[in-house]
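Examination of the molecular architecture
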Amino acid sequence: MGFPDFAVNECINDVIKHPKIDSFEGLLYGVLNHLNDSDNALTPTEMAFFLAPAGIAIVSEESEIIGKVKKSVAFEVEEGHSPATLPEKTLFFLMDRLVNSDQTLIRTLDETETLLEERLLAGEKLDYPAQVFRLRQKTLLLMQYAGLMVDLLDVISENDNELIRADAMKLFRLISVRLDRLERSAATLRESVMQLRE
C-alpha cells in the first residue's frame, strides 16, 4: 500500500496544517502540531504520521519531543514489550509528549495572565492593551487547537477501519481524557483573558 499523493505533498510543502486525521483502507494519515511559545505568538511545528498495521512513519523535523519518542520506542524494543502494538504505542508516545507540552504551555500562559492581572491591579504602567491582545490571540489559538485534537482523538477512538488493535485502544482513551481536560483548561484560560481585557 502506498501513501496518498496529497498526504505526501502536505508533508513536503512548507504550509503548516492544523491537526487533522484521514482514514483510508489500511492506513491512518494524521497531522499533529507542537505549539511553541514566543513573546508575540504561538507557532506550530507540524508532525505528520502514517499508521498502518505493519508500522508507523512519522514525518517531522528532529526535536526534543521526537527524541523522547525515539527513547520510549527503544525502551519498548529493549524490554521486549508486545511488538504487535509498537506502531500504536509509538503514536501514543508522540501524542502523550505533545499533550505534556500543551499542559506546560497552558500553565505558562496562566501564570502570564495572573502576573499581568497583578501588575494591572498594582497600578504599574505598561502597554496592557498590546499584552492582553497577544495573550488573547495565544489563548484563542490554543483553544482552537485543543478542539481539533479532541476531534482527531474521536476519529482514532471510533477506529472505523480497525487499524488500532483493541488492546492498544486503552492508550488512546487515556489521551482522550487528557485532551478533554486540556480543552476545558484552554477555554477557562481564554475566558479569564477576556475578562482581563475588560
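Residues numbered from 1 in each chain as written. Predicted model: local features only at pLDDT ≥ 70, side-chain atom pairs only at ≥ 80, totals over all residues. Heavy atoms only, no water.

1. Considerations on the layout of surface pockets
The condition is simple: Think of a 1 Å grid over just the protein atoms. A cavity is a set of points where a 1.4 Å probe fits yet cannot get out, a pocket is an open set with protein on both sides within 12 Å along at least five of seven lines, and lining residues have an atom within 4 Å of a point. Grid points are joined across faces, edges and corners, and a volume is the space filled by probe spheres set on the points. Helix and strand labels come from DSSP, where a helix needs a run of H or I of at least four residues and a strand needs a run of E of at least two; each type is numbered from the N terminus. Gly falls in the polar group here, along with every residue not listed as nonpolar (Ala, Val, Leu, Ile, Met, Phe, Trp, Tyr, Cys, Pro) or charged (Asp, Glu, Lys, Arg).
Considered as a void within the structure, the largest pocket measures approximately 260 Å³ in volume. Around the largest pocket sit D37, S38, D39, L109, T112, L115, L116, R119, Q131, R134, L135 and K138, which together line it. In terms of residues, the lining of the largest pocket owes the most to one element, helix 3 (residues 86-121), which gives five residues. Among the residues making up the lining of the largest pocket, the classes are represented as four nonpolar, three polar and five charged. In this model, the second largest pocket occupies a volume close to 200 Å³. Taken together, C11, N13, D14, V15, I16, T45, E46, M47, A48, V59, S60 and E61 form the lining of the second largest pocket. The dominant element in the lining of the second largest pocket, judged by the number of residues it contributes, is strand 3 (residues 42-52), at four residues.

2. Things to note about the packing of aromatic side chains
To keep things clear, this is the line we draw: Planes of paired rings set the category: under 30 degrees apart is stacked, over 60 is edge-to-face and the rest tilted, where pairs are Phe, Tyr or Trp rings (Trp by its six-membered ring) whose centres lie within 6.5 Å.
Within this structure, the stated rule accounts for two aromatic pairs. Ring centres of F92 and F93 lie 5.9 Å apart, and the angle between their planes is 55°; on these two criteria the pair is classed as tilted.

3. Section: the packing of helix 2 (residues 64-79) against helix 3
Selection rule: Think of each axis as a best-fit line through the C-alpha atoms, taken over the contacting stretch in the case of a helix, with angles from 0 to 180 degrees between the N-to-C directions. Left-handed describes a crossing whose near helix is turned anticlockwise from the far helix by less than a right angle; the clockwise case is right-handed. Residue contacts are defined here by distance: any two heavy atoms, one from each residue, within 4.5 Å place the two residues in contact.
The geometry of helix 2 relative to helix 3 is characterised by a closest axis approach of 9 Å and an angle of 140° between their N-to-C directions. Helix 2 and helix 3 meet at a crossing whose hand is right-handed. Residue-level contacts link I65, I66, K68, V69, S72, V73, E76 and V77 of helix 2 to L86, K89, T90, F93, L94, R97, L98 and S101 of helix 3. Of the residues that constitute the contact of helix 2 with helix 3, the class distribution is nine nonpolar, three polar and four charged.

4. Here we look at the pairing of strand 1 (residues 20-24)
Selection rule: Two strands pair under a simple rule: DSSP has to find at least two bridges between them.
Bridging between strand 1 and strand 2 (residues 27-37) involves five bridges; their strand directions are antiparallel. The residue of strand 2 that forms the bridge with F24 is L27. Where strand 1 folds back on strand 2, the antiparallel hairpin that results is connected by two residues, among which G26 adopts a positive phi of roughly 80°.

5. Notes on the pattern of salt bridges
Threshold: Any Lys or Arg side-chain nitrogen found within 4 Å of a carboxyl oxygen on Asp or Glu counts as a salt bridge. Partly exposed residues are those whose accessible area sits between 20% and 50% of the maximum for their type, while under 20% is buried and over 50% is exposed, using a 1.4 Å probe and protein chains only.
For the structure shown, the criterion picks out nine salt bridges. Notably, a salt bridge pairs K138 with D37, separated by 2.8 Å at the nearest N-O pair. One end of the pair, K138, is in helix 4 (residues 128-158); the other, D37, is in strand 2, and 101 residues separate them in sequence. A salt bridge links E124 to R119; its shortest N-O distance comes to 3.1 Å. Residue class for E124 comes out partly exposed when judged on its relative accessible area of 35%. Several salt bridges converge on common partners, so that one network encompasses D96, R97 and R178.

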